Amino acid sequence: MITVTPTNACGVDGPERTANITVSSPPDAGEDASLVLCTNAPPYLLLNALNGTPDLNGSWTGPFGPDTGIFIPGSSPEGEYTYTVVGNGACDDAIATVTVNVMDLVLDGITGPSTVDEPGTVLFTATPTLVDADSIVWSIPDGWSWADNDLDPYDAEAYLDSPDEAVIDTIWAKAYGGGCTGDTECLVTELTVGVSREQRRWPLFGVPQPEQRALHHHYRWNTNQWSAGRSRCARTTGPPSTSGHWE
């Protein structure tokens, strides 16, 4: 409260005047922030991502309208989430934004030959191109080596020199980025150098049909000695059992 006593030109005081002044604390929505999450991360409270000291009585709006403020990777849409704390008195609303990015590290597969007829340099490519990936880590079998023309062994292309002996091996690739790890992808490759078509290992455990050869890395022998596919790649260590059948 403020009290004022007016005085006229003759120095005579007039009656006192009083006024009540209310000072309101301005709302605080915190400060803008960016949030990077892995696809397998648990639900995240967006309030914890804001910088500063945001008030707790605000509300969230996401890419599709009002939001709970709890981001669920794999379910919630990426983008901007706005936190609003309503103003009071002469104070305007306070607004802050969290920009959320979920790391896309999902490889669809590896392109490259499933059959190599002679030793030499072979190109394998992890697909698709992943903008979020900082690196692609390859796992190559014993006997294979990085070719001299492969200047970056951590990108999506692997130039490999094959071994000199016939073998069935598995090439693996996995994407990494933002502290996150993707699933493992693999491709089974058969090196047939010095082996005729009739002498290949196929007769040991059944010959796959042409359509199965075209999708070499998507079929498996049911003894589980070797298989290929998302998140599950097993390398052969010898001829599979002859008691199984193709799936």
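1. Quick notes on the sheet that holds strand β10 (residues 109-111)
Okay, so step 1: Strand order in this open sheet of four strands is β10-β12-β15-β14, and the pairing throughout is antiparallel. Edge positions in the open sheet fall to β10 and β14 (145-146), since each of these has one partner strand only.
Okay, so step 2: Across five bridges, the pairing between strand β12 (residues 121-127) and strand β15 (residues 157-161) is antiparallel. Bridge pairing in β15 links T121 to D161.

2. Here we look at a nonpolar patch on the surface
Okay, so step 1: Together, I2, V4, I21 and V23 line one region of the surface with nonpolar side chains, adding up to about 400 Å² of accessible area.
Okay, so step 2: Within the fold, I2 resides in strand β1 (residues 2-4).
Okay, so step 3: A residue is classified by how much of its surface remains accessible, and I2, at 43% relative accessible area, is partly exposed.

3. Things to note about the side chain of D169
Okay, so step 1: Locating D169 in the fold gives a position in strand β16 (residues 167-177).
Okay, so step 2: Among the residues examined, D169 registers a relative accessible area of 2% and is labelled buried.
Okay, so step 3: A polar side-chain atom of D169 sits 3.3 Å from a polar atom in the side chain of W144.

4. Description of the state of the cysteines
Okay, so step 1: Tallied over the entire structure, the rule returns one disulfide.
Okay, so step 2: Paired by a disulfide, C38 and C180 hold their sulfur atoms 1.8 Å apart. Judged by the torsion about the S-S bond (-90°), the C38/C180 disulfide is left-handed. Highlighted residues: C38 in the loop between β3 (33-37) and β4 (44-45) and C180 in strand β17 (residues 180-191), separated in sequence by 142 residues. C180 shares its class with C38; the two are buried.

5. What about the confidence of the model for the protein chain?
Okay, so step 1: With 78% of its residues at a pLDDT of 70 or more, the protein chain shows a mean pLDDT of 80.
Okay, so step 2: Confidence drops under pLDDT 50 across residues 196-232; counting only partners more than four residues distant or on other chains, this segment forms 100 contacts.

Definitions and limits used
Residues numbered from 1 in each chain as written. Predicted model: local features only at pLDDT ≥ 70, side-chain atom pairs only at ≥ 80, totals over all residues. Heavy atoms only, no water. Pairing = 2+ DSSP bridges. Helix = DSSP H or I, 4+ residues; strand = E, 2+ residues; numbered from the N terminus. Patch = residues over 30% accessible without salt bridge, like charges linked within 9 Å, V, L, I, M, F, W, Y side chains within 5 Å. Areas by Shrake-Rupley, 256 points an atom, 1.4 Å probe, with all protein chains shown as cover. Salt bridge = Lys/Arg side-chain N within 4 Å of Asp/Glu carboxyl O. Buried < 20%, exposed > 50% of the residue type's maximum accessible area, 1.4 Å probe, protein only. Polar contact = N/O pair within 3.5 Å; in protein donor to acceptor, adjacent residues only side chain to side chain. Disulfide = S-S within 2.5 Å. pLDDT = per-residue confidence, 0-100. Contact = heavy atoms within 4.5 Å.

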